[in-house]
Amino acid sequence: MIRRPRRSTPATIVALVVLAVCVLVVLCCVQALLGQTPLISLSQLLAVSSGLRWNSAATIAVAIVLAVLGLVLLLAAIRPGKPTVVPLVRMTDADGAPGADAGVRRNSLATDLTSTAAAVPGVATAVVSARRGRVTVTITVAAADPTTVPDAVRGRLLYRLSEVGPAPRPKVRVKARRARTG
């Protein structure tokens, strides 16, 4: 159970281009029906396109640009996104049957671990970053003995991670800074 975000950027770009072309066509049709001079007339399009050849440099250049743009959009749409859900250890029922799949959102896990780290005595502030296979904690220590606080934070976070049960269990890295005095 690893959910990934949708690829909305390529879809948005294509939708906006198609919308712009449709609006332009409707605008030209409405102008022609009202007897006004269209923004782009059919005779102008035919004059421009009839003078072009398939093997001309301009036609080939436009085709290459459109092909590269299409390939970039296709690759952006196909490439998997960064996982947003961390899978949890799969539990078994009392009779040994596998339980349901479960997961926790990555930012929810980071928020939970931030409050856990901030609750350790001697920690002034805590910032947690939960990435793939690693949890990095940056703490500001405001304790009389700052050397013991990072180990206490690491121990508390490892205990909390064992309660939550992400699979696989991430490595915990604690960075400590002294609180500014004065």
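Our structure's up above, just so we're on the same page.
Residues numbered from 1 in each chain as written. Predicted model: local features only at pLDDT ≥ 70, side-chain atom pairs only at ≥ 80, totals over all residues. Heavy atoms only, no water.

(A) Region of interest: the nonpolar core. Formed by 21 residues in total, the largest nonpolar core has its most connected members in Leu113, Val123, Val137, Ile139, Val153 and Leu157. Only α4 (106-118), β3 (123-131), β4 (134-141), α5 (149-164) and β5 (171-178) provide two or more residues apiece to this core. (Core = buried A, V, L, I, M, F, W, Y, C linked by side-chain atoms within 4.5 Å. Buried < 20%, exposed > 50% of the residue type's maximum accessible area, 1.4 Å probe, protein only. Helix = DSSP H or I, 4+ residues; strand = E, 2+ residues; numbered from the N terminus.)

(B) Highlighting the side chain of Thr116. One can find Thr116 in helix α4. Here Asp112 takes part through its backbone oxygen, which lies 2.9 Å from a polar atom of the side chain of Thr116. Residues in contact with Thr116, not counting those within four places in the same chain, are Arg156, Leu157 and Arg160. (Polar contact = N/O pair within 3.5 Å; in protein donor to acceptor, adjacent residues only side chain to side chain. Contact = heavy atoms within 4.5 Å.)

(C) The arrangement of the pattern of salt bridges in detail. With the rule as written, the count across this model stands at three salt bridges. One salt bridge in this structure joins Arg154 and Asp151, with 3.3 Å as the shortest N-O distance. With Arg154 and Asp151 both in helix α5 and three residues apart, this pair spans about one turn of that helix. (Salt bridge = Lys/Arg side-chain N within 4 Å of Asp/Glu carboxyl O.)

(D) Representation of the pairing of β3 within the structure. Pairing between β3 and β4: eight bridges, direction antiparallel. Directly across from Thr125, in β4, lies its bridge partner Thr140. From the end of β3 to the start of β4, which pair antiparallel, there are two residues, and Gly133 there has a positive phi angle of about 75 degrees. (Pairing = 2+ DSSP bridges.)

(E) α5, seen in detail. In this model, α5 (16 residues) spans 22 Å end to end at C-alpha, consistent with the 22 Å of a helix rising 1.5 Å per residue. Buried within α5 we find Val149, Pro150, Val153, Leu157 and Leu161. One side of α5 holds all its buried residues, which, seen down the axis, span an arc of 105 degrees. In this structure, α5 carries Asp151 and Tyr159 as exposed residues pointing more than 90 degrees from its buried face. Elements in contact with the buried residues of α5: α4, β3, β4 and β5. Looking one or two residues past α5, Gly165 carries a phi angle of roughly 80 degrees, positive in sign. (Expected span 1.5 Å × (residues − 1). Arc of directions from axis to C-beta.)

(F) Fine view of the sheet that holds β4. Strand order in the open sheet formed by three strands is β3-β4-β5, and the pairing between neighbours is mixed. Both outer strands of the open sheet, β3 and β5, are each paired with one neighbouring strand and no more. Strand-to-strand twist of the sheet, defined as the mean angle between neighbouring strand axes without regard to direction, takes the value 15 degrees. Across eight bridges, the pairing between β4 and β5 is parallel. If you follow Val141 over to β5, its bridge partner there is Arg178. (Axes fitted to C-alpha atoms, helices over the stretch in contact; angles between N-to-C directions.)

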